[in-house]
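Summary of the model geometry
Here's the letter readout for the chains.
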Amino acid sequence: MRYFLKRLGFMALTVFAACALTFFLMNVIPGGTAELILKHTFVGLEESATEEQLNQISSRYNLDDPLYLQFFRWVKAAIAGEGIGTSYVFRKPVLYLLALRLPATIQLAGASMAIAVLAGVSLGIYSALRENRISDHILRVATLFGVSMPCFWVALLLILVFSLKLKLVPVAGYGSLENLFLPAVALSLHSMAAVMRVTRTSMLETLGQEYIRFAKAKGLPLRKIISRHALKNAMLPVVTVIGFQMGNLLGGTIEIEKIFAWPGIGSLLVDSISARDLPVVQGCVLAIVSMFLFVNFLIDMLYTRLDPRIRYG
Amino acid sequence: MDNVFADRFRREDFLPQPGEYGGDFVKRVFQRKDMLFALAALVLFAGVALFAPLLSPYDPNAIDLKNKNLGPSEGHLLGTDYLGRDLLSRILIGARISLSIAFGVVLISLFVGIAAGCAAGYYGGLVDESVSRVIDIFLSFPGVIFALTIVGVLGSGVFNLMLALSIVQWARYARLMRGQVLTLKKQEFVLSAVTSGAGDFHIIRRHIVPNAIAPLLVLATIDLGHVILSIATLSFLGIGLPADIPEWGAMLSAGKEFMRTAPHQTIFPGLAITFVVVIFSILGDGIRDILDPHHEGGEMY
């Protein structure tokens with residue numbers, strides 16, 4: 001229990017630090033924000049803006065206050081549940097924009113993770129069982145390429161083959177299952193390779209243990225040995241890697257969402273960075289970091305379930 | 001360099017005579033076919049990057065609108081892009097850009113990481129506590145997103161890109177270094193240096209860093225591949241480097257608009273990225289296997 005409290009405290013600290021870092025980084029170029037707001041509000045009129053108008057905007061958004069005060073106000077509003085700012089471009093609360101985009105990202109990341117874990121674990125077991133045979137070597141070379149190929153390139157190749165040449169699935173879009181297919185596969189490839197690699201190693205190690213030899217000596221069929229004895233013990237490092245991969249996956253969603261015009265948080269982040277829509281950038285970073293921390297927290301919980309020998313605090 | 005590896009081997013394998021083991025590392029590298037292959041490819045690649053201006057058949061930025069979007073042919077081995085620029089020349093020059101930025105980022109992070117790790121591990125106490133907390137925070141959120149935000153806000157450019165990626169990368173080196181220092185600090189040769197009155201800086205520089213650096217070099221080798229991937233990713237999103245610099249990610253991004261008619265513009269730059277990252281993965285794995293035979297080479301990170 002104490003461990004969980006500590007863990008939650010650290011999570012809160014990390015979220016806070018990430019927000020603070022982005023906030024101060026975004027404001028390192030001083031004085032630009034008022035012009036920025038003006039530019040987004042009156043398109044085409046930014047040349048004729050007067051000093052007075054700029055001052056008006058500055059005082060309305062409290063832009064003349066020192067940075068730490070602005071940040072303090074932002075944190076206070078966030079904790080009080082009053083929202084985390086208003087977008088300069090969309091003129092909507094950032095929370096509303098995030099809530100609109102969040103389901104798409106969760107859907108994409110969830111589907112990719114499911115593919116990566118299912119395919120990665122089963123291929124890893126297969127590879128371990130055929131150690132040093134040809135199929136094992138082929139799979140190992142494949143993992144090497146899997147972790148080395150940039151996922152945006154994989155996505156483009158998949159579009160090239162499945163959408164443009166074979167015309168099986170649409171190039172981009174959102175909503176149906178066939179839209180989800182290409183982005184999820186492209187995004188999952190990297191994690192799949194990593195999961196498979198760890199599964200293989202961990203499985204090989206487990207299969208060399210004495211209790212497995214004993215189970216074999218007892219005459220248990222291989223299928224049962226794997227599913228009853230080996231798999232559960234081999235899963236621990238795999239779960240760790242899944243936690244690591246979550247960061248990769250969330251990073252990858254940015255490129256993938258951009259390529260497939262997927263309306264998620266990643267594409268919102270990139271668009272907001274290009275438009276210098278600072279409150280939204282801040283909100284996106286907050287959302288992505290929180291998601292990442294939450295998943296890793298869940299994985300920590302899972303540890304104790306998988307291996308009762310591990311006890312926290 | 002030999003002594004660093006020799007020390008490591010002596011500890012790992014309990015082999016007595018010191019003198020021979022530097023050669024042993026080289027020998028072991030040459031025994032592994034995959035590493036030999038990767039090394040040869042790396043030398044080739046570095047040569048290409050170094051002599052890119054001499055090797056490239058055309059000026060990588062020469063615009064030739066009459067010959068735009070050409071497929072691979074004899075005049076242009078890998079075809080041309082949407083402005084008629086020779087793709088082969090641009091990929092060759094791109095090798096130089098990716099490699100030099102990646103080396104820069106890894107060197108900066110290595111340096112900062114060693115400094116922070118030494119400070120935390122050697123002095124302990126409050127310094128350790130605060131540096132470790134900072135490291136934990138930096139390691140606990142996804143790096144690409146952070147780098148993306150930094151470059152996006154600061155504006156694109158070689159310096160900003162290197163800065164952003166270094167800010168993201170240094171913490172892993174620092175954590176590794178801290179662990180190394182903690183174990184080394186208790187060894188006799190460090191204690192004897194302390195008792196003979198050597199200064200902190202002298203001990204760190206002469207005794208701790210040389211003995212602690214081997215695993216950091218492994219990490220650096222694997223990281224080179226990762227950094228090259230990150231550079232390509234950021235440029236692909238239009239955030240890393242200015243558009244006129246021939247960078248592989250940016251070339252891919254430009255090429256994807258013409259995927260229907262000229263798919264070679266998407267295929268070749270991606271192949272180049274994959275090729276380089278594969279080389280560094282093989283090298284990193286191999287070095288780790290040799291330095292740390294007990295490690296089964298499973299996890300990637």
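The shown structure was predicted, so the numbers you read here are calculated from the model rather than taken from an experiment.

Conventions we followed
Residues numbered from 1 in each chain as written. Chains lettered and ligands numbered in written order. Predicted model: local features only at pLDDT ≥ 70, side-chain atom pairs only at ≥ 80, totals over all residues. Heavy atoms only, no water. Helix = DSSP H or I, 4+ residues; strand = E, 2+ residues; numbered from the N terminus. Buried < 20%, exposed > 50% of the residue type's maximum accessible area, 1.4 Å probe, protein only. Contact = heavy atoms within 4.5 Å. Areas by Shrake-Rupley, 256 points an atom, 1.4 Å probe, with all protein chains shown as cover. Core = buried A, V, L, I, M, F, W, Y, C linked by side-chain atoms within 4.5 Å. Salt bridge = Lys/Arg side-chain N within 4 Å of Asp/Glu carboxyl O. Axes fitted to C-alpha atoms, helices over the stretch in contact; angles between N-to-C directions. Parallel < 35°, antiparallel > 145°, perpendicular 65-115°, else oblique. Left-handed = near helix turned anticlockwise from the far one by under 90°. Nonpolar A, V, L, I, M, F, W, Y, C, P; charged D, E, K, R; others polar. Expected span 1.5 Å × (residues − 1). Phe/Tyr/Trp six-rings, centres within 6.5 Å; stacked < 30°, edge-to-face > 60°. Disulfide = S-S within 2.5 Å. Buried area = accessible area lost by both parts, 1.4 Å probe.

**A few points about the overall build of chain B**
Counting its secondary structure elements, chain B contains 12 helices and 0 strands. Helices and strands in chain B line up, N terminus first, as α-α-α-α-α-α-α-α-α-α-α-α. Expressed as a percentage of the 301 residues in chain B, the buried residues total 53%. When contacts within chain B are restricted to residue pairs at least 6 apart in sequence, those whose partners lie at least 24 apart make up 70%. Within the structure as shown, chain B displays about 13,400 Å² of accessible surface, and the carbon and sulfur contribution to it stands at 65%.

**Here's the deal with unusual backbone geometry**
All names here are of chain A. If you check the backbone angles, Asn132 has positive phi at about 65 degrees while not being a glycine. Along the polypeptide, Asn132 turns up in the loop between α5 (94-129) and α6 (134-148). For Ala261, which is not glycine, the phi torsion reads 50 degrees and is therefore positive. Looking at Ala261, the relative accessible area reads 53%, which means it is exposed.

**Some thoughts on the nonpolar core**
The biggest cluster of nonpolar side chains holds 163 residues, and the ones touching the most others in it are Leu269(A), Leu148(B) and Trp248(B). If we skip the residues at most four places from it in the chain, Leu148(B) touches Ile254(A), Leu269(A), Val270(A), Ile273(A), Leu234(B), Leu237(B) and Ile239(B). Membership of the second largest hydrophobic core comes to 16 residues, among which are Met35(B), Ala41(B), Ile287(B) and Ile290(B).

**Details of the pattern of salt bridges**
All names here are of chain A. One pass over the full model with this rule turns up 10 salt bridges over all chains. A salt bridge links Asp300 to Arg7, with the nearest nitrogen and oxygen atoms 2.2 Å apart. Of this pair, Asp300 sits in helix α12 (residues 278-306) while Arg7 sits in helix α1 (residues 2-26), placing them 293 residues apart in sequence. The exposure class assigned to Arg7 is buried, which follows from its relative accessible area of 16%. One salt bridge in this structure joins Arg200 and Asp136, with 3.0 Å as the shortest N-O distance.

**Focus on the packing of α1(A) against α12(A)**
All names here are of chain A. The interhelical angle for the contact between α1 and α12, taken along N-to-C directions, is 160 degrees, at an axis separation of 10 Å. On the basis of the axis angle, α1 is roughly antiparallel to α12. The handedness of the crossing between α1 and α12 is right-handed. Residue composition of the contact of α1 with α12, by class: 18 nonpolar, 5 polar and 2 charged.

**Description of α6(A)**
Taking 1.5 Å of rise per residue, 15 residues should cover 21 Å, and α6(A) covers 21 Å from first to last C-alpha, within 8% of that figure. Turning to α6(A), its buried residues number three or more, namely Asp136(A), Leu139(A), Thr143(A), Leu144(A), Gly146(A), Val147(A) and Ser148(A). On the buried face of α6(A), the contacting elements are α5 and α8 (177-207) of chain A together with α10 (200-236) and α12 (264-291) of chain B.

**Concerning the environment of Asn27(A)**
All names here are of chain A. Structurally, Asn27 can be placed in the loop between α1 and α2 (32-41). Judged by relative accessible area, which is 15%, Asn27 ranks as buried. A sequence separation of 269 residues divides Asn27 from Asn296, and the C-alpha atoms of the two residues are 30 Å apart.

**Looking at the packing of aromatic side chains**
Residues and elements named next belong to chain A. Taken as a whole and assessed by the stated rule, the structure comprises 10 aromatic pairs over all chains. Taking 5.1 Å as the distance between ring centres and 45 degrees as the angle between the ring planes, the aromatic pair formed by Phe23 and Phe71 counts as tilted. Taken together, the residues Phe23 in helix α1 and Phe71 in helix α4 (residues 67-79) connect sequence positions 48 residues apart. When its relative accessible area of 9% is taken as the criterion, Phe23 is described as buried. Seen in terms of ring centroids, Phe24 and Phe71 are 5.5 Å apart; in terms of plane orientation they differ by 50 degrees. Their pairing is tilted. Taken together, the residues span a long stretch of sequence, with Phe24 in helix α1 and Phe71 in helix α4 at a distance of 47 residues. What makes Phe24 partly exposed here is its relative accessible area of 31%.

**Things to note about the environment of Leu156(A)**
Turning to its location among the elements, Leu156(A) is positioned in helix α7 (residues 151-165). Judged by relative accessible area, which is 2%, Leu156(A) ranks as buried. Separated by 26 residues in the primary sequence, Leu156(A) and Leu182(A) have C-alpha atoms spaced 9.7 Å apart. Those residues in contact with Leu156(A) that lie beyond four places of it in its chain are Ile259(A), Phe236(B), Leu252(B), Lys256(B), Met259(B) and Thr266(B).

**A few points about the state of the cysteines**
The final tally for this structure, using the stated rule, is 0 disulfides over all chains. Cys19(A) forms no disulfide, and the closest cysteine sulfur to it belongs to Cys284(A), at a distance of 12 Å.

**Quick word on the interface of chain A and chain B**
At the interface, 48 residues of chain A touch 43 residues of chain B. Ranking the residues of chain A by area buried against chain B places Phe152(A), Trp153(A) and Arg197(A) at the top, with a combined share of 15%. Our count for the chain A to chain B interface comes out at 1 salt bridge. The closest approach of N and O atoms between Asp285(B) and Arg197(A), which form a salt bridge, is 2.5 Å. Elements supplying a minimum of two residues to the side of chain A that touches chain B: α1, α6, α7, α8, α10 (222-259), α11 (265-275) and α12 of chain A. In the side of chain A that touches chain B, the residues fall into 35 nonpolar, 9 polar and 4 charged.

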